[in-house]
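Below, each chain spelled out in residue letters.
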Amino acid sequence: MAMDTNVSGIFQIFLEKLVFCVSGQPYLEDPFKGVCYGILLRTLQSPKPPNVEDIIFCTLLHSALRGMQCFLNGGKWKAVPNQDLGTLLAVFKRYMFHGLPGINVEMPQVLYPAPLPQYETLPAPKPESSQDSTPQKKTTGNKKRKSRGKGKKAGAEGTRGEEDGESETGAGGVDHPACSVWPPGMQSPCVTSPSRVTPHLHSSWIKGSSDSEFSDPEGGMQTKLRLYQARVRQSALQCFLGVVRCVEKRVLYGYWSSFVPDAPGIGGPPPLTLLTIALKDPSPKVRAGSLQVLSALLEGSRQFLSTAEDTSAPRQAFTPFSATLAASIRELHRCLLLALLAESSYQTLTQVLKCLAHLVSSVPYNRLRPGLLSPLWKQIRPYVRHRDVNVRVSSLTLFGALVSTQAPLPEIHLLLHQPGSTSSHSTPGITTPQELSQNWRQPVRREEETSSSPGGGAEGAAEGQCWLLQLCVALITQPREEPCSDSDAGGSGAAALEPSPVRLEALQVLAHLVKAYFSLVQASLLELGQLGTRCLTEPDPSVQLHGTKLLEELGTCIIQHYRADVDTRSAKRVPVCQVVQFWSEVLGGPLIGALQNEQHPTLQTSACDTLSSILPQAFSQLPDKTQVLCITILLGLTYSDNSLVKAAAVRALGVYILFPCLREDVMFVADTANAILTALDDRSPNVRAKAAWSLGNLTDTLIVNMQSVGLEFQQEFSDMLLLNMLRSATKASGDKDRVKSNAVRALGNLLHFLQPGHLGKPVFVQPLQEAMKALIDTVRGDATMKVRWNACYALGNAFRNPNLPLGMAIWSNEAYSALSHVVTSCKNFKVRIKSAVALSIPVTRDRYGDACMFAEVWRALAQALEHSEETEDFLEYRYCASLRTQLCHALLHLLSICALDDLPAVRSSLNDQSRPILKDFLVRYLSDRGVALVAGGDGAEEDYTEDQTATGDGLMVLSETLRRLKELQREAVTDSSEDLRTVLDFLEDVVRDAEVMKEADCKVSIFTHSEAPQKSN
């Protein structure tokens, strides 16, 4: 800054152009880039020289910020933690408020990550400030005197004046309502009483511009200076936005308190945050820029905000971070709601709504006191009928976020039950507070009159119906009665209806509503089906696609309600006859044509997903020709040239193969198997993944048919097709993990399905060995835990087949060794659990091989039980109880079938160090306490609960084992008698201690029941 200011400004512009990156051209090399970055940063940190005019200094800052923006948007700049980032954010925060009226504080030189904000200090008073205030007051007085004669015109054109782009401080932009109407820390009357909106609250927005501002030289200079200062603030915000996009969110959240308030400023200067700019900056572009930065901060912040909580009573000694974060969330809701009510610029209003949508999607409302969403819900309802199409779309996006966040929320459930108050028959255009102030000469109808008017409104929901559903249906199907704004697009043919973006967003809101609150909309199932069918008849492919997705969501929710037997009573379900009628109308309409529309493969894909969402009970009651039509179309689409369509068709067949009315049809199973095997060789990974999933479902069907139908189905099923399935699944087990996870599942089912007739054929010998080797390699490999879990499950499934030569084949020892290694060394406890389950499946002693193999399995299980509480990952600790239960069950199972030759290995594990640990775990397992831990809260999934044995059965098994071993003791030779005696003593101690512990628990339960207070008659 020592050089001449003009030369410095030209040099900064040169740097800005130098670091500007053009797509496709080489970027500035790192050494030169670092030099330019240092010069720009030092320029921004330097104070304003006393002999430099403000406009020239603003130009210099603007160029430096533009150059810094090029660094950040280039995607190659990385901040050094605790060094560059804090300095850079402090610089940007300083210039975010540059020249903002009423803001006169000094920013810290460096921002530090901290849970509390850093304090800004008041600058020392300057003597020249009194001289500068005189022309400002004079200008303000001229503006007030001149604006009276232009009130009408300013009221109608104030918004457009803001959006012209050049004059940032035109009509409606100088005096922001949040600055003149609501003092900091006080709540707007519109927030506490949304229905009492009066025009005088927004009168400051319709002040016109004074002619003297541009005719008087001094006033013109002030206007130009304000414009340049606004450009500096806007550039600083764009730089901050670049930082948010290129720095990890977990690092930025350390500076959360520096940019987001946690409480309104009461008594003393308010905190300077992004919300200060959104509420008080006179420039609509700067306000929109601050909202863009806040939206970028909120996007993806769900994990960070999930720690917020204020449901409990406040603590007096200290304020935890969760309460501070909850206060910040409440302040965000309050300030953004004020901005929503005050904003008149359509573009900025759109940014407010988008920012609210990001906030609603990330906040854990179930951990906060209710009441945050009700004011917001009531205030955004009129914006659905706003003049600007972008505002209408953004308001619908916000509604979609409200109904989809952490659904179902009780507060949203109550709001959806409230009747609609905004009617389409009200005065056109008078729906929001801003438009109310601009149309103050037109009479306003009271909401009570509107809601009680004959015929109701488009949103006026009938009694017992969801008003949001009726609103969305009206936006999709009914013509728009109000005049459209300039931003409404659409040709003359579609001018009667809402613009396409509004209708598409309304369809998305309907899909969110159906998914989250199906119980509120299930009474309108047939009407929604007709709406989706109507969308398929329209020429716009986007409307067709969203209509198809709505039908798919309806079908999926019906299936989920029929699966939730515990939570959903039969009386609350949609009757099957109504579901049949729904799908009869849908399949009799244009959906079949959409399936055959090769010009729009995305629509074909969505239509396939819709077909896969048919309720199985309803599919069986559809006409035979309709069933055949669905199956025929899906089989044909598996040979489509488009990979997305092929994947969707294969997945739909994988759903159909589980239908009870289709799974016993040998011809359908065979046709589906051939289609799946063809898709499994496709070059697209997505198609192969869907085909592997469908193959797993098909093999599940084979197991179900083997148990329900019996030999008849097995004899009719082709041996050659079964062999091809075995080979294809083995090949797919070497594919990518997303294919491999289902391929190994299919292998386990196929090995379980093989019959003696298959195993006796030489053609099956090598595929069987290759299949077992593939499973063993997957268990031992380094694949994802899901894949290894499925591989352990598949080995256990193969062990269930009594026809396999388990214990005699070469691969038997390798299989047991792989499972034994996993049960002791795998970091994932769920994989350990499934391997322990697989080791306990063989029912006879000969299937465990020789004594050496049995000893290896026993030692592995005993070692795993002894170290079952040792884990490096704390998240795995919740599965400890389930792991111990399965290990105890496996050990007791081995004891129940062990022979005399196996006792030395059992005795060796009962040494002085391991004996008390094993005994303690077995006693806890047999006394119900271990199972209580599993059922109570260890988070174990239901995938392996079917393999857990009740403790009563465990005691019976152990007692039978003791009786058998005592009989062997009479026949035992001298060499094995000592081993047998040691094992018997150990088991007798376990049984005795378990019975004592059960009796003690029983006495405690009786005592507790007797001490409970009795109800008086």
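Refer to the structure above for everything that follows.
Basis of the calculations
- Residues numbered from 1 in each chain as written.
- Predicted model: local features only at pLDDT ≥ 70, side-chain atom pairs only at ≥ 80, totals over all residues.
- Heavy atoms only, no water.
- Helix = DSSP H or I, 4+ residues; strand = E, 2+ residues; numbered from the N terminus.
- Buried < 20%, exposed > 50% of the residue type's maximum accessible area, 1.4 Å probe, protein only.
- Contact = heavy atoms within 4.5 Å.
- Areas by Shrake-Rupley, 256 points an atom, 1.4 Å probe, with all protein chains shown as cover.
- Expected span 1.5 Å × (residues − 1).
- Core = buried A, V, L, I, M, F, W, Y, C linked by side-chain atoms within 4.5 Å.
- Phe/Tyr/Trp six-rings, centres within 6.5 Å; stacked < 30°, edge-to-face > 60°.
- Lys NZ or Arg CZ within 6 Å of the ring centre and 35° of its normal.
- Polar contact = N/O pair within 3.5 Å; in protein donor to acceptor, adjacent residues only side chain to side chain.
- Axes fitted to C-alpha atoms, helices over the stretch in contact; angles between N-to-C directions.
- Parallel < 35°, antiparallel > 145°, perpendicular 65-115°, else oblique.
- Left-handed = near helix turned anticlockwise from the far one by under 90°.
- Nonpolar A, V, L, I, M, F, W, Y, C, P; charged D, E, K, R; others polar.
- Salt bridge = Lys/Arg side-chain N within 4 Å of Asp/Glu carboxyl O.

(A) Summary view of the overall build of the protein chain. From N to C terminus, the protein chain includes 51 helices and zero strands. When the 1017 residues of the protein chain are sorted by exposure, 53% land in the buried category. Contacts in the protein chain between residues at least 24 apart in sequence constitute 75% of all its contacts with a sequence separation of at least 6. About 46600 Å² of surface is accessible on the protein chain, with carbon and sulfur atoms providing 53% of the total.

(B) Seen up close, helix H4 (residues 84-96). Over its 13 residues, H4 runs 18 Å from end to end, which matches the ideal 18 Å to within 8%, given 1.5 Å per residue. Buried within H4 are the following residues: Asp84, Leu85, Gly86, Thr87, Leu88, Leu89, Ala90, Val91, Phe92, Lys93, Tyr95 and Met96.

(C) Geometry of the nonpolar core. Grouped together as the largest cluster of nonpolar side chains are 289 residues, with contacts concentrated most on Leu468 and Tyr656. Ignoring any residue separated from it by four or fewer positions in sequence, one finds tyrosine 656 in contact with Leu611, Ser612, Ile614, Phe619, Cys630, Ile631, Leu634, Leu662 and Phe668.

(D) Main features of unusual backbone geometry. In this structure, the amide linkage connecting alanine 407 to the following residue, proline 408, adopts the cis form with an omega of -5 degrees. Along the chain, proline 408 turns up in the loop between helix H19 (389-404) and helix H20 (410-417). Phi at glutamine 406 is positive, roughly 45 degrees, even though this residue is not glycine. In this structure glutamine 406 comes out as partly exposed when scored by relative accessible area, which is 30%.

(E) Molecular detail of the environment of isoleucine 833. Note on placement: isoleucine 833 falls in helix H44 (residues 829-839). Residue classification places isoleucine 833 among the buried residues on the basis of a relative accessible area of 0%. A C-alpha to C-alpha distance of 9.9 Å links isoleucine 833 and tyrosine 793, two positions 40 residues apart in sequence.

(F) Representation of the packing of aromatic side chains within the structure. All told, the structure shown has 18 aromatic pairs when counted by the stated rule. Plain terms: the ring middles of tyrosine 253 and phenylalanine 304 are 4.4 Å apart, the flat faces sit at 10 degrees to each other, and that makes the pair stacked. In this pair, tyrosine 253 is assigned in the loop between helix H11 (249-252) and helix H12 (256-259) and phenylalanine 304 in helix H15 (residues 302-305), connecting sequence segments 51 residues apart. Neither tyrosine 253 nor phenylalanine 304 differs from the other in exposure class; each is buried. A ring pair is formed by tryptophan 377 and tryptophan 467, whose centres lie 5.7 Å apart and whose planes are at 90 degrees; its orientation type is edge-to-face. Of the two residues, tryptophan 377 sits in helix H18 (residues 373-380) while tryptophan 467 sits in helix H23 (residues 467-477), which places them 90 residues apart along the sequence. Residue classification places tryptophan 377 among the buried residues on the basis of a relative accessible area of 0%. Judged by relative accessible area, tryptophan 467 falls into the buried class, the value being 2%. An aromatic cluster of three or more residues is present, and its members are Tyr253, Trp256, Phe304 and Phe321. Between the NZ or CZ atom of arginine 381 and the centre of the ring of tryptophan 467, over which it lies, the distance is 3.9 Å.

(G) Seen up close, the side chain of arginine 788. Mapping arginine 788 onto the fold places it in helix H42 (residues 785-799). From its side chain, arginine 788 meets the backbone oxygen of valine 779 in a polar contact 3.1 Å long.

(H) Structural view of the packing of helix H14 (residues 284-298) against helix H17 (residues 346-362). The geometry of H14 relative to H17 is characterised by a closest axis approach of 9 Å and an angle of 15 degrees between their N-to-C directions. Taken together, the axis directions place H14 and H17 in an arrangement best described as roughly parallel. Crossing geometry of H14 relative to H17 is assigned as left-handed. In this structure, H14 uses Pro284, Arg287, Ala288, Leu291, Gln292, Leu294, Ser295 and Leu298 to contact H17, whose residues at the interface are Thr348, Gln351, Val352, Lys354, Cys355, His358, Leu359 and Ser362. Taken together, the residues of the contact of H14 with H17 break down into eight nonpolar, six polar and two charged.

(I) Quick look at the pattern of salt bridges. Taken as a whole and assessed by the stated rule, the structure comprises 31 salt bridges. We note a salt bridge from aspartate 902 to arginine 845, for which the minimum N-O separation is 2.6 Å. Of this pair, aspartate 902 sits in the loop between helix H46 (880-897) and helix H47 (903-908) while arginine 845 sits in the loop between H44 and helix H45 (851-866), and the two are 57 residues apart along the sequence. Residue classification places aspartate 902 among the buried positions, given a relative accessible area of 2%. By relative accessible area, arginine 845 is classed as buried at 17%. Overlapping salt bridges, with partners in common, bring together Lys966, Arg981, Asp985 and Glu988 in one network.

All quantities given are derived from atomic positions and should not be read as evidence of function.
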